[in-house]
Amino acid sequence: MVGYDPEAKCVSVAEAAAAGSASGFVTRVLVSPLDVIKIRFQLQIEQLSSRSPGAKYHGILQAVQRIFREEGLRAFWKGHVPAQLLSVGYGAVQFMAFESLTKLVHNVTSYNARDSFVHFVCGGLAACTATVAVQPVDMLRTRFAAQGEPKIYRNLRHAVVTMYQTEGPRTFYRGLTPTIIAIFPYAGLQFSSYNILQQFSEWVIPAEGEKGGNVKNLVCGSCAGIISKTLTYPFDLFKKRLQVGGFEHARAAFGQVRMYRGLLDCMRQILREEGPGGFFKGLSPSLLKAALSTGFIFFWYELFCSLLCTLKSTDSTTRKEG
């Protein structure tokens, strides 16, 4: 169902956008707490260890307990409004672009639209398109998730106005370079790995049919998320570090803060002060989140597409009978 299938011809580009938005919305609600923890880990300069003096967070369970104790349950959904805007917008643009690109490949080239390499390239390009479209919202989501108490930004409107007045319009695209560098292989690996795993599962269990298909989509999506996230994780960390530049005063309660002049300076400082392991801070919650979010994204997308196809088929049958 993911990607253009000349034999199916069931889901239009607009319907793919609607299914992508819906899958992004549902998934964001479920994985938001892990996203908050991941961002807190990524932005912490000190080592993620109880042996590190001044380290606010040591591990996932300790971080959950501390955030809950200090900021309450709602803290796990900090920045949820911009995060939902991000997920809905990103899901719509990504899947709409992916379906359009795979259809274009089928119509104007000799490549098979179901080929894993085609899914890698089209998935990467679709994600880059979606990233540019929603980068300002991602910036807002990161700022909200990163701030502690007392809050610097009261609400979404206050954050937009304050950032624009104090840092200028370019601040909404901070971290775009490492994001684009990372998102192409990350999304490409997601789509191609999902495609390969789906083909492998059909080869292993050829007679499965529709039964258990939703579980298979969830498992294949989760595995694809783990593979892609592990291989591209450092660039996600660089992006988060750059996005909180100029926001250091709101990070004072979390420990040390650093200022970076750009992507290369960020990489050099992390390597010098935190070692190679610094590039993978927050990997554990990130992998857990990637497994759940990617699995849910493909699961819900396939499910919503199937529902749309069923509704269209039922409507068509009703019209013929009428």
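- Under an unreviewed UniProt entry, the name given to the chain is Mitochondrial thiamine pyrophosphate carrier, and the organism recorded is Phaetusa simplex.
- Quoted verbatim from the Catalytic activity (unreviewed entry) field of UniProt, the annotation for the chain is "thiamine phosphate(out) + thiamine diphosphate(in) = thiamine phosphate(in) + thiamine diphosphate(out)".
- The chain has a UniProt comment under Function (unreviewed entry) that states "Mitochondrial transporter mediating uptake of thiamine diphosphate into mitochondria. It is not clear if the antiporter activity is affected by the membrane potential or by the proton electrochemical gradient."

**Some details on the overall build of the chain**
- What the chain contains, in helices and strands, is 9 helices and 0 strands.
- Against the compact-globule benchmark of 20 Å for 322 residues, the chain has a radius of gyration of 21 Å, which places it among compact chains.
- Taking all 322 residues of the chain together, 51% fall into the buried category.
- Taking contacts inside the chain between residues at least 6 apart in sequence as the whole, the part at least 24 apart equals 79%.
- Accessible area of the chain: about 15,400 Å², with a carbon and sulfur share of 64%.
- Separation of charge centres in the chain, based on 35 positive and 23 negative side chains, amounts to 8 Å.

**Comments concerning helix H8 (residues 263–274)**
- Helix length check: H8, at 12 residues, gives a terminal C-alpha distance of 16 Å against a target of 16 Å (1.5 Å per residue), a fit within 8%.
- By the burial criterion, the buried members of H8 are Leu-263, Asp-265, Cys-266, Gln-269, Ile-270 and Glu-274. Summarising the axial view, the buried residues of H8 lie within an arc of 160 degrees, below the 170-degree limit, and thus occupy one face. Exposed side of H8, more than 90 degrees from the buried face: Leu-264 and Arg-272 are the residues found there.
- At its buried positions, H8 is contacted by helix H6 (176–204) and helix H7 (213–243).
- Within two residues after H8, Gly-275 carries a phi angle of roughly 80 degrees, on the positive side.

**Considering the layout of surface pockets**
- Quantified by volume, the second largest pocket comes out at close to 330 Å³.
- Along its surface, the second largest pocket is lined by 17 residues, and Arg-74, Trp-77, Lys-78, Gly-79 and Lys-151 are the ones closest to its centre.
- Among the elements that make up the lining of the second largest pocket, the one with the highest residue count is helix H3 (residues 80–108) (3 residues).
- Here the lining of the second largest pocket is composed, by residue class, of 7 nonpolar, 4 polar and 6 charged.
- Both domains that meet at the lining of the second largest pocket, namely domain 1 (14–77 + 282–321) and domain 2 (78–173), each give it at least three residues.

**Regarding the packing of aromatic side chains**
- Under the definition given, this model contains 13 aromatic pairs.
- Pairing Tyr-233 with Phe-280 gives two aromatic rings, centres 6.2 Å apart and planes at 15 degrees, and the pair type is stacked. Of this pair, Tyr-233 sits in helix H7 while Phe-280 sits in the loop between H8 and helix H9 (283–321), and the two are 47 residues apart along the sequence.
- Its relative accessible area of 0% is what places Tyr-233 among the buried residues.
- Taking 5.4 Å as the distance between ring centres and 90 degrees as the angle between the ring planes, the aromatic pair formed by Phe-238 and Phe-279 counts as edge-to-face. Of the two residues, Phe-238 is situated in helix H7 and Phe-279 in the loop between H8 and H9; the sequence distance between them amounts to 41 residues. The exposure classification of Phe-238 matches that of Phe-279, with both residues buried.
- One aromatic cluster is present, built from ring pairs that chain together Phe-95, Phe-98, Phe-191, Tyr-194, Phe-298 and Tyr-301.
- Between the NZ or CZ atom of Lys-229 and the centre of the ring of Tyr-186, over which it lies, the distance is 4.7 Å.

Thresholds, definitions, all that
- Residues numbered from 1 in each chain as written.
- Predicted model: local features only at pLDDT ≥ 70, side-chain atom pairs only at ≥ 80, totals over all residues.
- Heavy atoms only, no water.
- UniProt positions renumbered as here; feature names shortened; annotations may be inferred.
- Helix = DSSP H or I, 4+ residues; strand = E, 2+ residues; numbered from the N terminus.
- Rg over C-alpha atoms; globule rule 2.2 N^0.38 Å.
- Buried < 20%, exposed > 50% of the residue type's maximum accessible area, 1.4 Å probe, protein only.
- Contact = heavy atoms within 4.5 Å.
- Areas by Shrake-Rupley, 256 points an atom, 1.4 Å probe, with all protein chains shown as cover.
- Lys, Arg positive; Asp, Glu negative; His and termini not counted.
- Charge placed at Lys NZ, Arg CZ, Asp CG, Glu CD.
- Expected span 1.5 Å × (residues − 1).
- Arc of directions from axis to C-beta.
- 1 Å grid on protein atoms, 1.4 Å probe; cavity = no way out; pocket = protein on both sides within 12 Å on 5 of 7 lines; lining within 4 Å.
- Points joined across faces, edges and corners; volume = space filled by probe spheres on them.
- Nonpolar A, V, L, I, M, F, W, Y, C, P; charged D, E, K, R; others polar.
- Domains from an automatic or database assignment.
- Phe/Tyr/Trp six-rings, centres within 6.5 Å; stacked < 30°, edge-to-face > 60°.
- Lys NZ or Arg CZ within 6 Å of the ring centre and 35° of its normal.

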